[in-house]
Amino acid sequence: MNFKDKVIYQAYTKSFNDTDGNGLGDIKGVTEKLPYLEKLGIDMVWLNPFYPSPQNDNGYDIADYTAVDPMYGTMEDVEEMIAEGEKRGIQFMFDLVLNHTSTEHEWFQKALAGDKKYQDYYIIRDPVEGQDFPTNWESKFGGPSWEQFGDTGKFYLSLFDPTQADLDWRNPEVREEAAKIVQFWIDKGVKGFRFDVINLIGKDEELVNATGDIDQEKSLYTDRPIVHDYLRELNQKTFGNHPEVITVGEMSSTSIESSIGYTHPDNDELTMVFSFHHLKVDYPNKEKWSKAPFDFLELKEIMHDWQIGLGENGGWNALFWNNHDQPRTVSRFGDDEKYREKSATGQGHILHFMQGTPYVYMGEEIGMTNPHFTELDQYRDIESHNAYKELIAKGKTPEESLEILAEKSRDNGRTPMQWSAEENGGFTSGTPWLQLADNYKEINVEKELESGEIFPYYQKLIQLRKEHAIMRDGSYASMFLDHEQVWAYRRQLDGEEWITFANFYDTPVSIDISSEVDGDKWNYLLGNYGEKAFSQVLELAPYEAVTFTNK
Ligand code: TEU
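Residues numbered from 1 in each chain as written. Predicted model: local features only at pLDDT ≥ 70, side-chain atom pairs only at ≥ 80, totals over all residues. Heavy atoms only, no water.

1. Examining the packing of aromatic side chains
For clarity, the threshold we go by: Any pair of Phe, Tyr and Trp rings, taking the six-membered ring for Trp, is counted once the centres come within 6.5 Å. Such a pair is stacked with planes under 30 degrees apart, edge-to-face with planes over 60 apart, and tilted for the rest. Strands are runs of DSSP state E lasting at least 2 residues, helices are runs of H or I lasting at least 4, and numbering of each runs from the N terminus. Three labels apply to residues, based on accessible area from a 1.4 Å probe with only protein chains included: buried if under 20% of the type maximum, exposed if over 50%, partly exposed otherwise in between. A positively charged side chain is recorded as over a ring if its NZ (Lys) or CZ (Arg) lies within 6 Å of the ring centre. The angle to the ring normal must also be within 35 degrees.
Tallied over the full model, the rule gives 48 aromatic pairs. Geometrically, the ring pair formed by Tyr12 and Trp433 is tilted, given 6.5 Å between the ring centres and 45 degrees between the ring planes. With a gap of 421 residues between them, Tyr12 in the loop between strand S1 (8–11) and helix H1 (13–16) and Trp433 in the loop between helix H15 (398–408) and helix H16 (445–451) connect regions that are remote in the sequence. Grouping residues by exposure puts Tyr12 and Trp433 together as buried. Aromatic side chains Phe296 and Phe504 sit 5.0 Å apart centroid to centroid with 20 degrees between the ring planes, which places their arrangement in the stacked category. Linking Phe296 in helix H11 (residues 296–311) with Phe504 in the loop between strand S16 (496–503) and strand S17 (509–512), this pair joins segments that are 208 residues apart in sequence. Note on Phe296: relative accessible area 3%, which makes it buried. Judged by relative accessible area, Phe504 falls into the buried class, the value being 3%. An aromatic cluster of at least three residues, connected via ring pairs, comprises Phe294, Phe296, Trp321, Phe333, Trp487, Phe504 and Tyr505. Residue placement shows Lys4 over the ring face of Trp316; its charged tip is 4.5 Å from the ring centre. The cationic tip of Lys14 hangs over the ring face of Trp433; the distance from NZ or CZ to the ring centre is 4.5 Å.

2. Looking at the pattern of salt bridges
Filter applied, for reference: For salt bridges, the criterion is a side-chain nitrogen of Lys or Arg within 4 Å of an Asp or Glu carboxyl oxygen.
Taken as a whole, this structure holds 40 salt bridges when the rule is applied. Between Glu84 and Lys87 there is a salt bridge, with the nearest N and O atoms lying 2.7 Å from each other. Of this pair, Glu84 and Lys87 both sit in helix H4 (residues 75–87), three residues apart, roughly one helical turn. Its relative accessible area of 23% is what places Glu84 among the partly exposed residues. The salt bridge involving Lys286 is made with Asp215; its shortest N-O contact spans 2.7 Å. Pair noted here: Lys286 is in the loop between strand S11 (272–274) and H11 and Asp215 is in helix H8 (residues 214–219), with a separation of 71 residues, a long-range link. Asp215 sits in the partly exposed class, given a relative accessible area of 37%. Each of Asp57, Lys288, Asp325, Asp381, Glu383, Arg410 and Arg414 takes part in one network of salt bridges that share partners.

3. Overview of the side chain of Thr222
This is how it is decided: Any pair of nitrogen or oxygen atoms within 3.5 Å is treated as a polar contact; in protein, a donor-acceptor pairing is required on top of that, and neighbouring residues in sequence qualify only through side-chain atoms on both sides.
Within the secondary structure layout, Thr222 lies in the loop between H8 and helix H9 (226–237). A relative accessible area of 8% means that Thr222 is categorised as buried. One polar contact links the side chain of Thr222 to the main-chain carbonyl oxygen of Lys218, over a distance of 2.7 Å.

4. Structural notes on H15
Operational definition: Should any heavy atoms of two residues lie within 4.5 Å, those residues are counted as being in contact.
Looking at H15, one finds that the buried residues are Ser401, Leu402, Ile404, Leu405, Ala406 and Lys408. Tucked inside the fold, the buried residues of H15 contact helix H14 (382–393).

5. So, the pairing of strand S9 (residues 192–195)
Stated precisely, the cut-off is as follows: For two strands to be treated as a pair, DSSP must find at least two bridges joining them.
Residues of S9 alternate between two faces, with Gly192 and Arg194 on one and Phe193 and Phe195 on the opposite face, all of them buried. By the bridge criterion, four bridges tie strand S3 (residues 91–96) to S9 in an arrangement that is parallel. Counterpart to Asp95 in the pairing with S9 is Arg194. Where S9 meets strand S10 (residues 246–250), four bridges bridge the pair, whose relative direction is parallel. Residue pairing for S10: Gly192 is matched across the bridge by Ile246.

6. Thoughts on the site of the ligand
Condition: We define proximity as follows: a residue is near a molecule or strand when any one of its heavy atoms falls within 4 Å of that partner. Reported accessibility uses the Shrake-Rupley method at a 1.4 Å probe radius. Residues are deemed covered only where the shown protein chains occlude them. Polar here means any residue other than Ala, Val, Leu, Ile, Met, Phe, Trp, Tyr, Cys and Pro, which are nonpolar, and Asp, Glu, Lys and Arg, which are charged; Gly is therefore polar. The split into domains, and so the bounds of each, comes from an automatic or database assignment of domains.
Asp57, Lys288, Asp325, Glu383 and Arg410 are the nearest of the 17 residues found near the ligand. Note that an oxygen atom of the ligand is positioned 2.5 Å from one of the side-chain N or O atoms of Asp57. In the complex, 90% of the free accessible area of the ligand, which totals 490 Å², lies under the protein chains. Residues belonging to the shell around the ligand are distributed by class as follows: four nonpolar, four polar and nine charged. Summarising the domain contributions, the shell around the ligand has at least three residues from each of domain 1 (3–100 + 172–462) and domain 2 (106–166).

7. Quick notes on the sheet that holds strand S13 (residues 357–361)
If you walk across this open sheet you meet the eight strands as S11-S10-S9-S3-S2-S1-S13-S12, and the pairing is parallel. The sheet terminates laterally at S11 and strand S12 (318–319), the two strands that pair on one side only. Summarising the sheet, strand S2 (residues 44–47) and S3 pair through four bridges and their orientation is parallel. From the neighbouring strand, Met44 faces S3, where its bridge partner is Gln91.

8. Section: the sheet that holds strand S15 (residues 486–493)
The test is simple: Only the stretch in contact is used when a helix axis is fitted, and all axes are lines through C-alpha atoms; the angle between N-to-C directions ranges over 0 to 180 degrees.
Read across the sheet, five strands follow the order S14-S15-S16-S20-S18 without closing on themselves; strand pairing throughout is antiparallel. Edge positions in the sheet fall to strand S14 (475–479) and strand S18 (523–527), since each of these pairs with one other strand and no more. In this sheet, neighbouring strand axes are inclined to one another by 20 degrees on average, regardless of whether the strands run parallel or antiparallel. Bridge count between S14 and S15: five bridges; the pairing is antiparallel. Note that in S15 the partner of Ala477 across the bridge is Arg490.

Below, the structure is given as structure tokens:
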């Protein structure tokens, strides 16, 4: 089976569709919306974690990997969802967080109670003389990455929230447990896995202090060569025996070189990787918590490097603009008011014509925007609250700090799905766990299906992938990489050629393409302003994207 013709839809379970009125999306809510997803044309749905969890990090703090949190439904609901999906040609990708467990997980609780076997599941160290913690590493959510382990005088490693304890993958029993979890869900009929921060599982036995900048610090526990061995072992024990299963590793701060290794078919590791470099082009000096314009040339260059780097070396990219950890790119790189539709379709166009597997994040297909929150108590995310405290401590005013949150908070991408103009966007009959964006009366699925242009455009993008081998397998090459307003590239396969041009800004642009594109026998394939005649001097309207073919 060729995974390359698939498009994957990410539904943030908690915010997708609530059927029981508790204000949280649920499994039955996903099942209910399968006809909608079938209409869009996607092949697989990635669901964010719905396992029992204290929800300190919205379910990425898992307390039981093979059960369903009652607030999301039951195991029967999950089985029904998988079976109903199958009837409609929709498969499921589950999200497994195997780098760390919740401190409420039975393993951690047993470890705390003194059980040596389970203490060896975690990374527990003695304090080091002359310093506060075993190492000087920072948690990714702020503060130190070590927490006191009960009253033992020791510390456990926790790279995220203090209630997320890192597992020790050097212990073969941990690797065996991980394999059992994956196999459990394969046996339930799950056909995909997204492995959370999976390139962090290879910690050394001896952990040392960071001596340089944040990149040097991350390199001490990120992409260590042993990660490849652990992934191959997991592959061989579980999904490798089921060739139809698709896997994507979420790779925090990874490199092209490592990602070729993770995804090269000969290595028997993963199908593809999520990398995030392209979503850091508005982090001046690597500082996420700041307000800054994005760097378009850097954005293009990063995408180019990954297209070429993985494409020409047997690797495979996962393509995405949005997910539950990111502000929405229609607000971030586009114009979410005057040109909302064109920026949404333009961005979708640019991504889907590249090489790799596209992911559509819940609401992207109707052009959902950031909610533009203005008060601290509108945010739920632990990372946002920590960041606010740090910004204030650094001397920013509350107004400045809130403006930064409004641009960078992960909650921007987590607001509930806007289904209709009804109260709470038809997402829930209760009180939503996170407020919806105010614009749900104008931007919602019902309205989009009646008269919108974004959903039908995504349908076409998805459909084209099924019909044209060049979209899946064609080579990739950039054009006009230095152009400050236009994104351009070509794909080629067996004499067929597709050329794509996109204006990434809100002002019209004219570009002479004759240095890169020969002749005039080019036919219009798809564009977000409709049919367009080819010309060696292309005039592109705001956020216009168009592809021509030589066939
Ligand atoms: O995210 C991992 C990660 O490193 C980032 O996306 C990080 O959350 C973000 O950049 C902080 O600014 C994954 C999950 O997607 C995320 O929701 C979890 O919080 C995190 O792992 C911990 O499990």
